[in-house]
Amino acid sequence: MTDAVLPGFRSLDLASDAAKARIRARYRSEARFRFYGLFAVGLTAAFVLIVLADILIRGLPAFTQHWLQLEVMVDPTEIDPKGTRNPADLRGGDYQLLVRNALRAQFPEVADRAGRRALDSLLSSASADALRDRVVADPALIGRTIKLPLLMSDQADLYYKGFGTRIDQRPGRGALTPSGTSGEIVLTGSSNDFAPYLNATKQALSERARNLRREAGRLRAIVGQLEARRSSAGEAERAGLTGNIETLTQRIKDLDGDAAALQARFDAVSGEETLDDRLPSQLVAINGGLVKLTRIGSSSATGTVLLPLQSAAEAPGGTWQSVTYLTPEGSRRVTDREVAWLERLKENGQATRTFNWAFFTSGDSREPELAGIRGALVGSALTLLVTLVLCLPVGIAAAIYLEEFAPKNRLTELIEVNINNLAAVPSIVFGLLGLAMFLNFFGLPRSAPLVGGLVLALLVLPTIIIAGRAALKAVPPSIKEAALGVGASHQQAIFHHVLPLAMPGIMTGTIIGMAHALGETAPLLMIGMVAFIVEPARSITDAATVLPVQIYLWSDLPEIAFQAKTAAAIIVLLVFLFVMNGAAIYLRKRFERRW
Amino acid sequence: MGLLYFSGVAVLVVVGFLFGRSRAALAERTEPLHSRPNYHGAFVALSILIPMVLLFAIGVPIANHVTETEALNAYDPQIAGDQLRRGAVLRDIVALANERYAGQPSEALRRAADTYASLRAWSIYLIICGGIVFALLGIAFSLRTLSARFRARNRVEAVVKWTLFAAACVAVLTTIGIVASVVFETIRFFDRVSPIDFLFGLHWSPQTAIRADQGGSSGSFGIVPLVTGTLLITVIAMLIAGPIGLFAAIYMAEYATPRFRNFAKPVLEILAGIPTVVLGFFAALTLAPLIRASGEALGLNVASESALAAGIVMGMMIIPFVSSLSDDVINAVPQSLRDGSYAMGATKSETIKKVVLPAAFGGIVSAFMLAISRAVGETMIVVMAAGLAGNLTFNPLEAVTTFTVQIKTILVGDQEFDSAKTLSAFALGFVLFFFTLTLNVIALQIVKRYREQYD
Amino acid sequence: MNTMVKVSDIVPAAEAHAPEHGTKVVARDVNVYYGEKRALFDVSLDIPARSVMALIGPSGCGKSTFLRCLNRMNDTIPIARVTGRIEIDGRDIHSADLDVVQLRANVGMVFQKPNPFPKSIYENVAYGPRIHGLARSKSELDGVVESSLRRAGLWEEVKDRLGDSGTGLSGGQQQRLCIARAIAVSPEVILMDEPCSALDPIATAKIEELMDELRENYTIVIVTHSMQQAARVSQRTAFFHLGILVETGPTEKIFTNPSDKKTQDYITGRFG
């Protein structure tokens, strides 16, 4: 470009390499900046996806429940010894015993107390309820054997849902001869079928020894630091440090000793090794039974029979299986024996999976397999009802006043500042208000949907007022002027013309406010809606809990099965929230008007 | 009782309305009306409704008070001074009067319950009779006032207007209620614990003060560890939400195509709509173990309830908050400023960094302040994912506790009546409320000034 | 009114009066579409160097749209699409090797409403030199700021308060600040989109005076609503109507003896 540069100005240099480099750098920085923005949005989306996926994966199993199909002998001596067939007497019978007997009959070899208790634990403590109801309804069943599904315990249920162990099965190559059909037996093989397992066991031992040595090394470093500090420390501190150093030194000695012992076992060429519960369990399925191995050599093994063998005959290669429970017994809740039973029941087709309706129809329970969200759903519904009834009229009225009637004065300004600030007050503070005012001062009942609804109404009121004002403001003044022009009073113009036109906007705001109230937890904790509620509340003054509080309560429980229940309750809550927000969006789109 | 009374009110109001309306319709035949007959009906209805509701609102608390006091007097005249026993005895009296008392009642209790039941019956009788009298008076008054030229509409509209005003005042009453709730209990708390110890004490362990001889003098009510814990988690949250929220807002406002916005806006809205109890569950059961495991893999010692997990999830929670507020202020920057910058040959990012963000600076600061206030007041995430012990530390891998966690822990479940521990929760609430209120007021003020600048 | 004039009939007439310094900007068959709507129809126009070219016409006639084509400001509107050829000093402004950022540094723009950045006066003027790396030192930058403000006739008024916010100035001062901001990167062409429409008559007179001075060193294209202003400041005038360039020529000729009836109707106030 041709014009001469004016004094004091530097003309824009376009052609030189430096200028080109500068432009390139500017565009690189542009691309970088743009990428940061995209990355931020992507990160947020990824987080949403991860949270939702995590909840779904945890929660979906809780929507199904496993049942055990058993043939139960309805023994009159246990449930109706007097033979009265009186429903009250029938109710008092020990049906749980009948059910347990039926299961024990499946595994007659289990004779010891511990074993029986383990077997009983496969069934829920409420598994007999269905049987009792059937028998009370139809006493003719007494004395007969009936087949019915029984609720399994949370532990058994979780095992079937994959929270147990993976199982690896391989056919044996050589022939294998058991020394007996029950108790401790020796399995003698014709080829080195156990050699790979022996090898793997030895590797695991060596790995364990390595870990122990590493831990010992870490402790030695700490001891070194402590000693350095001791040399420069004062008298008082020195005593404490010495004590610590002694404890650690002892621990290091123990670790080294254990590591050496393990290493010795690894190094030994001897053909046998003992298995423990920190290694994957090795079993052999042979002659219709199952043997858990305790010591293995390369071609023979010693083991305990978990499921009895039909015979002690030699099993040729290919007819027996070597079975591995990959998760070590020490790292799971179900024992090898329980796994064996559950797998056997599954093979027999006795374990069935159904949709868990009870989750929606029963109240809270200490037993995970019995716990449901009905109480919480009813509580949430009642609480939201109170909230809606209170805050919808008040919210609309306040919005109309502020938008249409309020004079411009300090009081109005105060009210407006107040509403804006209330919208940003932490929700737990509303809980304090509920506790101090509604419970302690006015003496309203604790844990009641009435108080919960009151607190939530105050909480979402600012939202509704702000949304209502926006909706009223969006109605063009020409509508009101037209009504005034034909002689309507100010209030008639508003109530007959402006308000109906603003109603969709107000409803949208209200639904969003209600969704907010539905998910609110903290203030309800303050007013005691954390009670353990089995029976759903029947009125707004009964003690109740709500869905988010139920989620909070369950999330604190140690049982794994409750984690799934918690996630399932969250899924239900989120479905409600999505439906409500979807409705709000639909309303907004449907009635959106461009003036 | 309430149900009976208000169904009576409803019936009378409907009857009054119909009556007033038909009378006006009748009068209209001879003389033109000032107001439509419906307003005449409404005037009669209001003349019945207002006195009856007022009677109930004033009468019932008085009647309850009298009934309870007399019943307690009948039980034991000395009981009035003993707050703790008073409540327990009253519960027994009410239970017995309702025939739901479990066990064998004492003679005094039976006497008190009889007094209670008879007084209650009397008060119900009195209030209902009074209600009917008031309704009749209301009808008489309205019939005397009503005439064809009577401006019924203006009267009714005045009542409607006052009702609307009362509704608008609920917000103010709520604020007064909150202030009253926390202030009175806080004053009582400061009777036991000195404000200096409270504000500057380095140890927080309210549990140790349960024993009476310990009182509050042990210095276990120092909030400094709570302040640092809250601060630590808030800082972590803002370090995440600040940049991510701001960049997301910039991208959405300046770069995104409408199609991209249609996808990304709902994502942010979903995140904003996820209840915090759900995020707390995620923090406690998924993220915290993950952080702990990865920390251990790196040889770090991570607490199972580390501040990091709670802070990260809280940061994620406030991203939509920061981004939607920032989006608003960025969009409020006039297009002419951007055009001016583009016309100088600035690239988009240069325009954003050097013109748009400086112009939106005030609004963004206030968005951040509101976000901080949100993080400080957030309860469920920290209740579920942060610790209980008041550790004075800035290490994000350790467990810390916050104001909200302590309020929840102290007040949920059984509380000792009137103990320093219980009161301390209200003092914490007081600090929390006024801290967030100050932040909000300042932030809203900045936003307001900012809006005026570009309107 | 109903005689449709073809653009090609007009262009040769424009070239009959050869400009003093040669042609700075050449536009050929420029069309602009906003989505489905066509806003400019085959506009071809030559803009001579170191003079003021006024674009006039009723509102919505496309004059601002054409102006925004010259520094590709239409790129910032997602739905806008430009076809045709625009050359500045013989270089196609749409060619791949000419960067839009560089183009805009060479073609400055002043807007209808003064839009100083909410920064200090100094920072407003220094903005362009900074982003383009035109000043190597603080003193050099100071020099550029001062001479830009001097050229914009604002220096005497603001030299003692360079740190004050640019938004605190009066409307006319703000607009001159925007001009100073534009010339700080030493552009060759300055586009002015109704620069005086938000100003009072005194401020307007100052800006017009300034334009007359700037004409010595810059090529100025001004869109204006006011025919008097066009007559006062410009050497050449182009009349747009309904997206079509109706007529262009020396200002004097357009205002005294237009060759098109529509131009005549417009300048005599029959429509507009």
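Residues numbered from 1 in each chain as written. Chains lettered and ligands numbered in written order. Predicted model: local features only at pLDDT ≥ 70, side-chain atom pairs only at ≥ 80, totals over all residues. Heavy atoms only, no water.

Novice: Any chance you could explain the overall build of chain C here in plain terms?
Specialist: On a plain count of helices and strands, chain C comes out with eleven helices and ten strands. For a compact globule of 272 residues, the expected C-alpha radius of gyration is about 19 Å, and chain C comes in at 19 Å, within 12% of that figure. On the principal axes, the C-alpha backbone points of chain C span a range of 60 × 45 × 35 Å. Residues classed as buried in chain C amount to 59% of the 272 residues present. (Helix = DSSP H or I, 4+ residues; strand = E, 2+ residues; numbered from the N terminus. Rg over C-alpha atoms; globule rule 2.2 N^0.38 Å. Buried < 20%, exposed > 50% of the residue type's maximum accessible area, 1.4 Å probe, protein only.)

Novice: Even after reading the chapter, I still don't get the sheet that holds strand 11 (residues 351-355) of chain A, so can you show me in this structure?
Specialist: Sheets are built from strands that pair by backbone hydrogen bonding, the pairs being arranged parallel or antiparallel. All names here are of chain A. Pairing in this open sheet of three strands is antiparallel, and the strands run 2-1-11 from one edge to the other. What marks the edges here is a single partner per strand, and that holds for strand 2 (145-151) and strand 11. Within this sheet the neighbouring strands show an average axis-to-axis angle of 35°, counted without direction. Across the sheet, helix 6 (residues 129-137) touches strand 1 (64-73) and strand 2, and the angle it forms with strand 2 is around 140°. (Pairing = 2+ DSSP bridges. Axes fitted to C-alpha atoms, helices over the stretch in contact; angles between N-to-C directions. Contact = heavy atoms within 4.5 Å.)

Novice: What is the right way to look at the interface of chain B and chain A in this model?
Specialist: A common way to state how big an interface is: give the accessible area lost once the parts meet. The interface of chain B with chain A comprises 75 residues on the first partner and 71 residues on the second. Between chain B and chain A, roughly 6,600 Å² of surface is buried when both sides are summed, and carbon and sulfur atoms account for 77% of that area. Our enumeration of links across chain B and chain A arrives at one salt bridge. The salt bridge involving R26 of chain A is made with E350 of chain B; its shortest N-O contact spans 2.7 Å. One can count 15 residue pairs in polar contact (both at pLDDT 80 or more) joining chain B with chain A. Top element by residues in the side of chain B that touches chain A is helix 5 (residues 152-192) of chain B. It accounts for 19 residues. (Buried area = accessible area lost by both parts, 1.4 Å probe. Salt bridge = Lys/Arg side-chain N within 4 Å of Asp/Glu carboxyl O. Polar contact = N/O pair within 3.5 Å; in protein donor to acceptor, adjacent residues only side chain to side chain.)

Novice: Just to check I follow, could you spell out the sheet that holds strand 8 (residues 219-223) of chain C for this structure?
Specialist: Residues and elements named next belong to chain C. The mixed open sheet is built from six strands, whose spatial order is 6-7-8-3-9-10. Strands at the two margins of the open sheet, each flanked by one partner only, are strand 6 (107-110) and strand 10 (244-250). Neighbour-to-neighbour, the strand axes of the sheet open up by a mean angle of 15°, direction not taken into account. Where strand 3 (residues 52-56) lies against strand 8, four bridges are found, and the strand directions are parallel. Directly across from M53, in strand 8, lies its bridge partner V221. Packing against the sheet, helix 7 (residues 171-183) makes contact with strand 6 and strand 7 (189-193), and its axis sits at approximately 170° to strand 6.

Novice: Could you clarify how one ought to interpret the confidence of the model for chain B in this entry?
Specialist: Parts of the prediction with low pLDDT should not have their coordinates interpreted in detail. All names here are of chain B. On average, residues of chain B carry a pLDDT of 83, and 93% of them reach 70 or more. Ranking the elements of chain B by mean pLDDT puts helix 3 (residues 83-97) last, at 73, and helix 7 (residues 224-255) first, at 92. Low pLDDT, under 50, characterises residues 209-219; the stretch is placed with ten contacts to residues that sit more than four places away or in other chains. (pLDDT = per-residue confidence, 0-100.)

Novice: Got a minute to help me understand the side chain of R104 of chain C in this structure?
Specialist: All names here are of chain C. Of note, R104 is situated in helix 3 (residues 100-106). The side chain of R104 is buried and forms no salt bridge, while D75, the nearest opposite charge, is found at 4.5 Å. A distance of 2.7 Å separates a polar atom in the side chain of R104 from the backbone oxygen of R72. (Lys, Arg positive; Asp, Glu negative; His and termini not counted.)

Novice: I would appreciate a short explanation of the packing of helix 7 of chain B against helix 12 (residues 348-377) of chain B in the present structure.
Specialist: Residues and elements named next belong to chain B. Interhelical geometry of helix 7 versus helix 12 gives an angle of 140° and a closest axis separation of 10 Å. Relative to helix 12, the element helix 7 lies oblique. Both helix 7 and helix 12 take part in a crossing whose hand is right-handed. Contacts between helix 7 and helix 12 involve T230, T234, M238, G242, L246, I250, E254 and Y255 on the former and, on the latter, K348, S349, I352, V356, L357, I364, F368, A371, I372, A375 and V376. (Parallel < 35°, antiparallel > 145°, perpendicular 65-115°, else oblique. Left-handed = near helix turned anticlockwise from the far one by under 90°.)

Novice: How should the pattern of salt bridges be read in this particular structure?
Specialist: Residue and element names in this part refer to chain A. With the rule as written, the count across this model stands at 40 salt bridges over all chains. With a closest N to O distance of 2.8 Å, D120 and R104 form a salt bridge. Here D120, found in helix 5 (residues 113-120), pairs with R104, found in helix 4 (residues 95-106); they are 16 residues apart in sequence, far enough to count as distant. Assessed through its relative accessible area of 10%, D120 is described here as buried. Judged by relative accessible area, R104 falls into the buried class, the value being 19%.

Novice: I tried to follow a positive patch on the surface on my own but got confused; where do I start?
Specialist: On the surface, K20, R22, R24, R28 and R32 of chain A together with K353 and K354 of chain B cluster together into a patch of positive charge. Put simply, the parts of the chain that give the positive patch at least two residues each are helix 1 (17-59) of chain A together with helix 12 of chain B. Take the positive patch: its biggest share by element is five residues, from helix 1 of chain A. As for its placement among the helices and strands, K354 of chain B is situated in helix 12. K354 of chain B gets classed as partly exposed once you look at its relative accessible area, which sits at 34%. (Patch = residues over 30% accessible without salt bridge, like charges linked within 9 Å, V, L, I, M, F, W, Y side chains within 5 Å. Areas by Shrake-Rupley, 256 points an atom, 1.4 Å probe, with all protein chains shown as cover. Charge placed at Lys NZ, Arg CZ, Asp CG, Glu CD.)

Novice: Mind showing me how you'd approach empty space enclosed by the protein here?
Specialist: All names here are of chain A. Within this structure, the stated rule accounts for five cavities of 30 Å³ or more. Taken as a whole, the largest cavity holds about 100 Å³ of empty space. The wall of the largest cavity is formed by 14 residues, among which A62, D157, K161, A561 and K565 lie closest to the centre. The set of elements that each furnish at least two residues to the lining of the largest cavity consists of strand 1, helix 7 (154-163) and helix 20 (560-591). (1 Å grid on protein atoms, 1.4 Å probe; cavity = no way out; pocket = protein on both sides within 12 Å on 5 of 7 lines; lining within 4 Å. Points joined across faces, edges and corners; volume = space filled by probe spheres on them.)

Novice: Looking at this structure, how should I read the packing of helix 12 (residues 374-405) of chain A against helix 15 (residues 449-474) of chain A?
Specialist: Between two packed helices, what matters for the description is the angle formed by their axes and the separation of those axes. Residue and element names in this part refer to chain A. In the contact formed by helix 12 and helix 15, the axes pass within 6 Å of each other and the chain directions differ by 35°. Along this stretch, helix 12 crosses helix 15, giving a crossing that reads as right-handed. In terms of residue class, the contact of helix 12 with helix 15 is built from 19 nonpolar, six polar and three charged. (Nonpolar A, V, L, I, M, F, W, Y, C, P; charged D, E, K, R; others polar.)

Novice: How do you make sense of the environment of T186 of chain B when you look at a structure like this?
Specialist: All names here are of chain B. Tracing the backbone through its elements, the reader meets T186 in helix 5. T186 gets classed as buried once you look at its relative accessible area, which sits at 2%. The contacts of T186, once residues within four sequence positions are left out, are F426, A427 and F430.

Novice: I tried to follow the domain arrangement of chain B on my own but got confused; where do I start?
Specialist: Looking at chain B, the domain boundaries give domain 1 (2-150) and domain 2 (220-450). Each of domain 1 of chain B and domain 2 of chain B has a C-alpha centre, and these two points are 49 Å apart. (Domains from an automatic or database assignment.)

Novice: For this particular structure, what's the right way to read the interface of chain C and chain B?
Specialist: Between chain C and chain B, the residue contacts involve 23 residues of the former and 17 residues of the latter. Note on chain C versus chain B: buried area summed over both sides is about 1,500 Å², and carbon and sulfur give 67% of it. Inspection of the region where chain C meets chain B yields zero salt bridges. Linking chain C to chain B there are four residue pairs in polar contact (both at pLDDT 80 or more). Elements that contribute at least two residues to the side of chain C that touches chain B include exactly helix 3, strand 6, helix 4 (121-132) and helix 7 of chain C. The element that contributes the greatest number of residues to the side of chain C that touches chain B is helix 4 of chain C, accounting for four residues.

Novice: Looking at this structure, how should I read helix 8 (residues 258-273) of chain B?
Specialist: If you check helix 8 of chain B, its first and last C-alpha atoms are 22 Å apart, about what 16 residues at 1.5 Å a residue would give, namely 22 Å. Every buried residue of helix 8 of chain B is listed here: A264, V267, L268 and L271 of chain B. Viewed along the axis of helix 8 of chain B, the buried residues span an arc of 95°, placing them on a single side of the element. Of the exposed residues in helix 8 of chain B, those oriented more than 90 degrees away from the buried face are P258, R259, N262 and A272 of chain B. Buried-residue contacts for helix 8 of chain B involve helix 1 of chain A together with helix 7 and helix 10 (307-332) of chain B. (Expected span 1.5 Å × (residues − 1). Arc of directions from axis to C-beta.)

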